[in-house]
Amino acid sequence: MMGVQSVTLVLAVLSGTGIYGVLASLSQERVASAGFWFEDVSFESSRLGGPLTREDMARIAHVARSELTAAFAGLRVTLSGRQDARYRVRVVQQLLDRRFKREVAIAGESRAIRGFGGVGAVSFYFLASGAVASAPDSADRAALVDAIGRGVGRAAVHEFVHQLLPLAPIHDSSDVQSYEYASASRREQYFGAMRWGPARPLLQRAYGG
Ligand SMILES: [Zn+2]
């Protein structure tokens, strides 16, 4: 489960007549701005021979952004590192499922309000651990680093979809190779090609060129 939580918008912060103007302008939104960035995260494993280096992190960020760029190609979604973008996913060290009292780690989470925007995060620890655990014995260090980048990028794609289509039942996808698949605990999150499932036509309708 990557986790999505709907939230109740506190409309009270918006004054009376102003809200209709905001709703009208957002419904005509031409381009969805999507901000993606890394917080200060780290990971180490004996399989990697120690901690990730600064160079590893630069490579991971590059691979993750490439995943996002490829996934949203052809849609009116502008990707950047902007932390004030309407839709946002940040990479944090760890995420815990707040629905449980005991510690349950999750790969990602998002909150979104249809037409307004969304905020989300993905867990670097969860995804780096998953990449290393899923790697074939033959994978060298560079392959592991790239797999971490893919895992992070694909989880970010999934969270952006929750934000861009907050009402769509995207977890209905039973295709383990799809972005929409409900769990990041899968080898396909990190290795091999990934494809769109049921969300793509919905994205096309809402954000198609
Ligand atoms: Zn999800």
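For every chain, the first residue of the written sequence is number 1, and numbering continues from 1 onward in sequence order. Local features in this predicted model are restricted to residues of pLDDT 70 or higher, and side-chain atom pairs are both shown and tallied only at a pLDDT of 80 or more, whereas totals for entire chains, interfaces and linings draw on every residue. In computing side-chain properties, one takes all heavy atoms of the structure into account and sets aside hydrogens as well as water.

J.: Please explain the overall build of the chain as it appears in this structure.
T.: Each helix is a run of DSSP H or I of at least 4 residues and each strand a run of E of at least 2, with the numbering of both proceeding from the N terminus. Summing up its helical and strand segments, the chain has five helices and eight strands in all. Traced from its N-terminal end to its C-terminal end, the chain shows the element sequence β-α-β-β-β-α-β-β-β-β-α-α-α. In this scheme, a residue with accessible area under 20% of its type's maximum is buried, one over 50% is exposed, and one in between is partly exposed, where area comes from a 1.4 Å probe on protein chains only. Split into buried and exposed, the 209 residues of the chain put 48% on the buried side. Looking at the chain alone, contacts between residues at least 24 apart form 74% of all its contacts between residues at least 6 apart. Summed over its atoms, the accessible surface of the chain is roughly 10600 Å², and 53% of this surface lies on carbon and sulfur atoms. Contacts were defined at the residue level, with two residues in contact if any of their heavy atoms lie within 4.5 Å. Computed with a 1.4 Å probe, the accessible areas rest on the Shrake-Rupley method; for each residue, only the protein chains presented here act as cover.

J.: Is there a simple way to think about the coordination of the zinc ion in this case?
T.: Six octahedrally arranged donors around a metal ideally form angles of 90 or 180 degrees; four tetrahedrally arranged donors ideally form angles of 109.5 degrees. For Na, K and Ca the donor cut-off is 3.2 Å; for every other metal, N, O and S atoms count as donors within 2.8 Å. Water does not enter the count, which can leave sites looking incomplete. Donor atoms from the polypeptide that coordinate the zinc ion comprise H158 (NE2), H162 (NE2) and H171 (NE2), at 2.0 Å from the metal. In terms of primary sequence, the donors binding the zinc ion are separated according to H-x3-H-x8-H. Judged by relative accessible area, which is 28%, H171 ranks as partly exposed.

J.: When you look at the environment of L48 in this model, what are you seeing that I'm missing?
T.: Along the chain, L48 turns up in the loop between strand 3 (44–45) and strand 4 (50–51). In this structure, the C-alpha to C-alpha distance between L48 and V132, residues 84 residues apart in sequence, is 8.3 Å.

J.: Before we go on, may I ask you to explain the pairing of strand 2 (residues 32–38) in this structure?
T.: When a strand is regular, its side chains alternate between the sheet's two faces. Burial within strand 2 is extensive, with six of its seven residues counted as buried. Pairing between strands requires that DSSP locate at least two bridges from one strand to the other. As defined by bridge partners, strand 2 adjoins strand 5 (residues 77–80) across four bridges and the pair is classed as parallel. Counted as the bridge partner of A32 is V77 from strand 5. Inspection of the sheet shows strand 2 paired to strand 6 (residues 87–92) by five bridges, in the parallel sense. Bridging from a neighbouring strand, F36 pairs with V89 of strand 6.

J.: Just checking my understanding: could you explain the nonpolar core for this structure?
T.: The biggest cluster of nonpolar side chains holds 53 residues, and the ones touching the most others in it are F36, F38, F72, F124, V152 and L203. Only strand 2, helix 2 (54–72), strand 6, helix 3 (124–134), helix 4 (141–164) and helix 5 (199–207) provide two or more residues apiece to this core. Counting residues per element, this core draws most heavily on helix 4, at eleven residues. Not counting chain neighbours up to four residues away, the residues in contact with L203 comprise F72, L75, V161, L164, L165, W196 and G208. Residue types Ala, Val, Leu, Ile, Met, Phe, Trp, Tyr and Cys, when buried and joined through side-chain atoms within 4.5 Å, form a set referred to as a nonpolar core.

J.: Hey, could you run me through the packing of helix 2 against helix 4 in this one?
T.: The axes of two packed helices give the description: the angle between them and the distance between them. In this analysis, axes come from line fits to C-alpha atoms, helices being fitted only over the stretch in contact, and the angle between any two N-to-C directions falls in the range 0 to 180 degrees. The N-to-C vectors of helix 2 and helix 4 enclose an angle of 40 degrees; their axes lie 7 Å apart at closest approach. Between helix 2 and helix 4, the angle is such that the two are oblique. Crossing handedness for the pair helix 2 and helix 4: right-handed. Classification used: nonpolar for Ala, Val, Leu, Ile, Met, Phe, Trp, Tyr, Cys and Pro, charged for Asp, Glu, Lys and Arg, polar for all others including Gly. For the contact of helix 2 with helix 4, the residue count by class is 14 nonpolar, two polar and seven charged. In what follows, roughly perpendicular refers to angles from 65 to 115 degrees, roughly parallel to angles under 35, roughly antiparallel to angles over 145, and oblique to any angle outside these ranges. Helix crossings are classified by the rotation of the near helix relative to the far one: an anticlockwise turn of less than a right angle makes the crossing left-handed, while a clockwise turn makes it right-handed.

J.: What is the right way to look at the pattern of salt bridges in this model?
T.: Opposite charge on two side chains lets them pair, provided their charged atoms get close. Just to be clear on terms, a salt bridge is a Lys or Arg side-chain nitrogen sitting within 4 Å of an Asp or Glu carboxyl oxygen. The full count for this structure, using the stated rule, is eight salt bridges. Between D146 and R59 there is a salt bridge; the shortest N-O distance is 2.7 Å. With D146 in helix 4 and R59 in helix 2, this residue pair connects regions lying 87 residues apart in the sequence. A salt bridge links R195 to D175; its shortest N-O distance comes to 2.8 Å. Placement of R195 in the loop between helix 4 and helix 5 and of D175 in the loop between helix 4 and helix 5 is noted, with a sequence separation of 20 residues between them.

J.: Is there a simple way to think about helix 2 in this case?
T.: Since the α-helix turns once every 3.6 residues, residues separated by three or four places project in the same direction. A helix is expected to span 1.5 Å for every residue after the first. With 19 residues, helix 2 ought to run about 27 Å at 1.5 Å a step, and its terminal C-alpha atoms sit 27 Å apart, in line with that. Of the positions making up helix 2, those classed as buried are D56, M57, I60, A61, V63, A64, E67, L68, A71 and F72. Mapping the buried residues of helix 2 onto a view down its axis gives an arc of 165 degrees, with all of them on the same face. In helix 2, those exposed residues whose orientation departs by more than 90 degrees from the buried face are R54, E55 and A70. Structurally, helix 2 contributes buried residues whose contacts are with strand 2, strand 4, strand 5, helix 3, helix 4 and helix 5. When we speak of the arc, we mean the arc of directions from the helix axis to the C-beta atoms.

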